[in-house]
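# Chains, contacts and geometry: an overview
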Amino acid sequence: MILPRKVNIVEVGARDGLQNEEPVSTHTKIRLINLLSDTGLTHIEAGAFVSPKWVPQMADSLEVMNAITRRGNVIYSALTPNFKGLEQALKAGANQVAIFTSCSEGFCQHNINCSITESLKRFEPIMEMATKQHIPVRGYLSCVIDCPYDGPTRPNQVAKVAKALIDLGCYQVSLGDTIGTGTPKGVAHMLETAQAVIPTHQLAVHFHDTWGQALANIYQALTMGIDTIDSSVAGLGGCPYAHGASGNVATEDVLYLCQGLGIETGVDLELLAKAGWMISEELNRQPTSKVSLALRRRSDSYTS
Ligand code: HMG
Ligand code: MG
């Protein structure tokens, strides 16, 4: 078995995380992104240009992205469901954007108020403008294992819609287990089917940890050559249109797993965990990351 030598982490806590937490101030979001920028991360999803009626937590994404301190080597990306979203993202100086659809019709309707086919049509002008502006576009595909409205997803359907996103011009598709029900066997089958039509380096994985299987699924994906992993500092979040779904796998846990496997990430675990404690304290809760809690206990025992 060959594992990747290096893994790219896409830090989604400031978007996927905070979109489904109690609202925090614009200042706190800026502070979080600035702390994350100091950890060695090279891709931070910093906001979403979606309807504020649908997701009020992301309504200040323009202010946030205009005020963060940027590092030259870091991608600060944003979600753009339609052309209006792209226009806002460009104003905000996003140097990458992400379009998002679903493998299942039920989730697509609930999340972006259109069918899968309509969503792909809607993305065409985004791709055209982004290409003109030299802005890379990432694709997200939700419900690659199960849909909260339509039930189990067929791997062939994942491959078909993922390929459609690649054919539109996305440089990569992130495969989302939105409600976190996947286990390694099903994930392997889904990935194998997607890998039959899309080169592995153009696939990323995005596991929510609702059923506690995310790390096992990530390990499975690593053994299959996947080298881009989405994760969320402190395990923040969920999805407003997938009720009961908990946050993404915690970045701290992914970093620790990679360290143990000898896989480079370029990210400083201790600094990342500190950013996680800052935002958790603002939210008046603990990180869901076991690694973060263990690091905190260890440092408390040194100082007591
Ligand atoms: P709609 O209601 O069909 O859109 O929503 P519309 O074009 O009819 O516009 C309705 C209103 O929204 C209008 O305002 C528009 O101006 C406004 P009004 O005239 O009523 O005052 N509007 C916008 N405002 C700001 N930015 C925009 C925008 N577009 C329209 N871009 C729409 C369609 C796509 C806009 C809506 O459904 C929406 O915003 N959905 C986003 C939902 C969302 O953000 N979900 C969470 C992110 S996806 C996710 O978490 C999954 C992921 O993590 C992967 C995984 O885990 O599976 C990526
Ligand atoms: Mg998500």
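Before reading on, note that the structure itself is shown above.
Note that the structure is a prediction, hence the values are computed from the model and not measured.

### Quick notes on the site of ligand 1
Taken together, 27 residues surround ligand 1, and among them Lys53, Asn111, Asn113, Ser142 and Thr178 come closest. A distance of 3.3 Å separates a nitrogen atom of ligand 1 from a polar atom in the backbone of Gly85. The contact in question runs from an oxygen atom of ligand 1 to an N or O atom on the side chain of Asn113, over 2.7 Å. Protein chains bury 75% of the 1100 Å² of accessible surface belonging to ligand 1 in isolation. At the level of secondary structure, the elements contributing two or more residues to the shell around ligand 1 comprise helix 1 (13–17), helix 4 (83–91), helix 5 (105–112) and strand 5 (137–142).

### Let's talk about the coordination of the magnesium ion (ligand 2)
For the magnesium ion (ligand 2), the full set of protein donor atoms is Asp16 (OD), His206 (NE2) and His208 (NE2), at a range of 2.1 to 2.3 Å. Here the donor residues of the magnesium ion (ligand 2) are spaced in sequence according to D-x189-H-x1-H. A relative accessible area of 3% means that His208 is categorised as buried.

### Thoughts on the side chain of Thr228
Along the chain, Thr228 falls in strand 10 (residues 228–231). Of the polar contacts made by the side chain of Thr228, one reaches the side chain of Gln172; its length is 3.1 Å. The contacts of Thr228, once residues within four sequence positions are left out, are Asn8, Val10, Arg138, Gln172, Leu203, Ala204 and Val205.

### Topic: the side chain of Ser292
Looking at where Ser292 falls in the secondary structure, it is placed in helix 12 (residues 290–303). What makes Ser292 buried here is its relative accessible area of 0%. A polar side-chain atom of Ser292 sits 3.0 Å from a polar atom in the side chain of Trp277. Each residue touching Ser292, except ones within four places of it in the same chain, is listed here: Glu252, Asp253, Ala273, Trp277 and Pro287.

### Comments concerning the pairing of strand 5
Counting buried positions over the 6 residues of strand 5 gives 6, a clear majority of the element. Residues of strand 5 alternate between two faces, with Val137, Gly139 and Leu141 on one and Arg138, Tyr140 and Ser142 on the opposite face, all of them buried. Alignment of strand 4 (residues 96–102) against strand 5, held across 6 bridges, turns out to be parallel. By the bridge assignment for strand 5, Ser102 is matched with Ser142. Relative to strand 8 (residues 172–177), strand 5 runs parallel, the two being bridged by 4 bridges. In the strand pairing of strand 8, Gly139 is matched with Val173.

### As for unusual backbone geometry
What you tend to see is this: most non-glycine residues have negative phi, and most peptide bonds are trans. Phi at Asn113 is positive, roughly 60°, even though this residue is not glycine. Along the chain, Asn113 falls in the loop between helix 5 and helix 6 (116–132). Although it is not a glycine, Cys143 sits at a positive phi angle of roughly 60°. With respect to the helices, strands and loops of the structure, Cys143 is situated in the loop between strand 5 and strand 6 (146–147). The exposure class assigned to Cys143 is buried, which follows from its relative accessible area of 0%.

### Here we look at the packing of aromatic side chains
Counted by the stated rule, this structure contains 0 aromatic pairs. The ring of Tyr140 is capped by Arg15, whose NZ or CZ atom sits 5.5 Å from the centre of that ring.

### Looking at the environment of Pro199
Its location among the elements puts Pro199 in the loop between helix 8 (184–195) and strand 9 (203–207). On the accessibility criterion, Pro199 (38% relative accessible area) is partly exposed.

### Remarks on the nonpolar core
One finds Leu32, Leu141, Leu175 and Leu191 to be the most contacted residues of the largest nonpolar core, which totals 92 residues. Discounting residues that sit within four places of it in the chain, Leu32 has contacts with Ala14, Leu18, Val233, Ala275, Met278 and Ile279.

### Description of the pattern of salt bridges
In this structure the tally under the stated criterion is 12 salt bridges. In this structure, Asp16 and Arg15 form a salt bridge, with 3.6 Å as the shortest nitrogen-oxygen distance. On the accessibility criterion, Asp16 (2% relative accessible area) is buried. Overall, Arg15 belongs to the buried group, its relative accessible area being 5%. Arg71 serves as the salt-bridge partner of Asp38, at 2.8 Å between the closest nitrogen and oxygen. Placement of the pair is Asp38 in the loop between helix 2 (26–37) and strand 2 (43–48) and Arg71 in the loop between helix 3 (61–67) and strand 3 (75–79), with a sequence separation of 33 residues. Given the relative accessible area of 42%, Arg71 is considered partly exposed.

Calculation criteria
Residues numbered from 1 in each chain as written. Chains lettered and ligands numbered in written order. Predicted model: local features only at pLDDT ≥ 70, side-chain atom pairs only at ≥ 80, totals over all residues. Heavy atoms only, no water. Near = heavy atom within 4 Å. Polar contact = N/O pair within 3.5 Å; in protein donor to acceptor, adjacent residues only side chain to side chain. Areas by Shrake-Rupley, 256 points an atom, 1.4 Å probe, with all protein chains shown as cover. Helix = DSSP H or I, 4+ residues; strand = E, 2+ residues; numbered from the N terminus. Donors = N, O, S within 2.8 Å, 3.2 Å for Na, K, Ca; no water. Buried < 20%, exposed > 50% of the residue type's maximum accessible area, 1.4 Å probe, protein only. Contact = heavy atoms within 4.5 Å. Pairing = 2+ DSSP bridges. Phe/Tyr/Trp six-rings, centres within 6.5 Å; stacked < 30°, edge-to-face > 60°. Lys NZ or Arg CZ within 6 Å of the ring centre and 35° of its normal. Core = buried A, V, L, I, M, F, W, Y, C linked by side-chain atoms within 4.5 Å. Salt bridge = Lys/Arg side-chain N within 4 Å of Asp/Glu carboxyl O.

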